[in-house]
Amino acid sequence: MSVAEAIDWEALREAAREAMTKAYVPYSRFPVGAAALTVDGRLVTGCNIENASYGITLCAECSLVSDLVMGGGGQLVAFACVDGNGGVLMPCGRCRQLLYEHSHESMVLDTVSGLKTIDEVIPDAFGPRQLEQYRDSQS
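Colleague: Any chance you could explain the sheet that holds strand S5 (residues 114-117) here in plain terms?
Modeller: The strands that make up a sheet pair up through hydrogen bonds in the backbone, lying either parallel or antiparallel. Taken in spatial order, the five strands line up as S2-S1-S3-S4-S5 in an open sheet, and their pairing is mixed. This sheet does not close on itself; its edge strands, each paired only once, are strand S2 (43-47) and S5. Geometrically, the sheet is characterised by an average inter-axis angle of 20° between neighbouring strands, direction not taken into account. Two strands pair when backbone bridges link them, and strand S1 (residues 33-38) and strand S3 (residues 76-82) are joined in this way by six bridges, in the antiparallel orientation. Paired with alanine 34 across the bridge in S3 is cysteine 81. Where helix H4 (residues 93-101) meets the sheet, its contacts fall on S3 and strand S4 (103-111), and the angle it forms with S4 comes to roughly 140°.

Next comes the structure, spelled out in structure tokens:
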């Protein structure tokens, strides 16, 4: 059974919808919620948190990764993100990189075009796995 088949995607989307209800969005009025599962089965969630200076607004993925790190770290294996209507959202490029940093190599994302691996949504990525390969090649 693949990672994607083992995930209850509707439950993960529901956790993202619940997180979305906590979003702080007085400026855009565009709430976003995110939820992910870790390798060890923990659920981590996040919501967007706006700021009057706009540029330092935190995306839902940022607060999700904060939840991951504060909860002991680990690697993400499944991810879902929703808008204020509960519709599936695709992480922006910055957030894809953030998710890649904390992903298991088999991580699957619920995207607007179906389930995709982290490598499909950020091809030729650079992150911890590439740094480890580089270090190993220097030995």
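Colleague: So what exactly am I meant to see when it comes to unusual backbone geometry here?
Modeller: Glycine aside, residues mostly have negative phi, and peptide bonds are mostly found in the trans state. Even without being a glycine, arginine 29 presents a positive backbone phi close to 55°. Mapped onto the fold, arginine 29 is located in the loop between helix H2 (9-20) and S1. For aspartate 124, which is not a glycine, the phi torsion comes out positive at approximately 55°. Note that aspartate 124 resides in the loop between helix H5 (118-121) and helix H6 (128-138).

Colleague: Hey, could you run me through the state of the cysteines in this one?
Modeller: Here is the idea: a disulfide is a covalent bond, and it sits between the sulfur atoms of two cysteines. This model, assessed by the stated rule, comprises zero disulfides. For the unlinked cysteine cysteine 62, the closest cysteine sulfur is that of cysteine 95, found at 4.7 Å.

Colleague: What is the right way to read the packing of helix H3 (residues 60-70) against H4 from this model?
Modeller: The description of two helices packed together rests on the angle between their axes and the distance between the axes. One way to put it is that H3 packs onto H4 with a least axis distance of 9 Å and a crossing angle of 15°. The pairing of H3 with H4 is recorded here as roughly parallel in orientation. Taken as a pair, H3 and H4 cross one another with a handedness that is left-handed. Within the contact between the two elements, H3 uses Glu61, Cys62, Leu64 and Val65 and H4 uses Arg94, Cys95, Leu98 and Leu99. Each residue belonging to the contact of H3 with H4 can be placed in one class, and the counts come to six nonpolar, no polar and two charged.

Colleague: I keep staring at the packing of aromatic side chains and nothing clicks. Help me out?
Modeller: One pair of aromatic rings is described through two measures. These are the centre distance and the angle between the planes. Counted by the stated rule, this structure contains one aromatic pair. Considering the side-chain rings of tyrosine 27 and tyrosine 54, the 5.7 Å spacing of their centres and the 90° angle between planes classify their relative orientation as edge-to-face. You can see tyrosine 27 sitting in the loop between H2 and S1 and its partner tyrosine 54 sitting in the loop between S2 and H3, a full 27 residues away along the chain. Judged by relative accessible area, which is 37%, tyrosine 27 ranks as partly exposed. Against the face of tyrosine 100 rests arginine 129, its NZ or CZ located 4.5 Å from the ring centre.

Colleague: Can you help me understand the pairing of S3 in this one?
Modeller: In regular strands, side chains alternate between the two faces of the sheet. Across the seven residues that make up S3, a large majority, seven, are buried. Sheet topology places S3 next to S4; three bridges connect them, and they run parallel. The residue bridging phenylalanine 79 from the neighbouring strand is leucine 109, located in S4. A crossover links S3 with its parallel partner S4, the connecting element being H4, and its sense is right-handed.

What counts, and at which threshold
Residues numbered from 1 in each chain as written. Predicted model: local features only at pLDDT ≥ 70, side-chain atom pairs only at ≥ 80, totals over all residues. Heavy atoms only, no water. Pairing = 2+ DSSP bridges. Helix = DSSP H or I, 4+ residues; strand = E, 2+ residues; numbered from the N terminus. Axes fitted to C-alpha atoms, helices over the stretch in contact; angles between N-to-C directions. Contact = heavy atoms within 4.5 Å. Disulfide = S-S within 2.5 Å. Parallel < 35°, antiparallel > 145°, perpendicular 65-115°, else oblique. Left-handed = near helix turned anticlockwise from the far one by under 90°. Nonpolar A, V, L, I, M, F, W, Y, C, P; charged D, E, K, R; others polar. Phe/Tyr/Trp six-rings, centres within 6.5 Å; stacked < 30°, edge-to-face > 60°. Buried < 20%, exposed > 50% of the residue type's maximum accessible area, 1.4 Å probe, protein only. Lys NZ or Arg CZ within 6 Å of the ring centre and 35° of its normal. Right-handed = clockwise from strand over helix to strand, strands pointing away.

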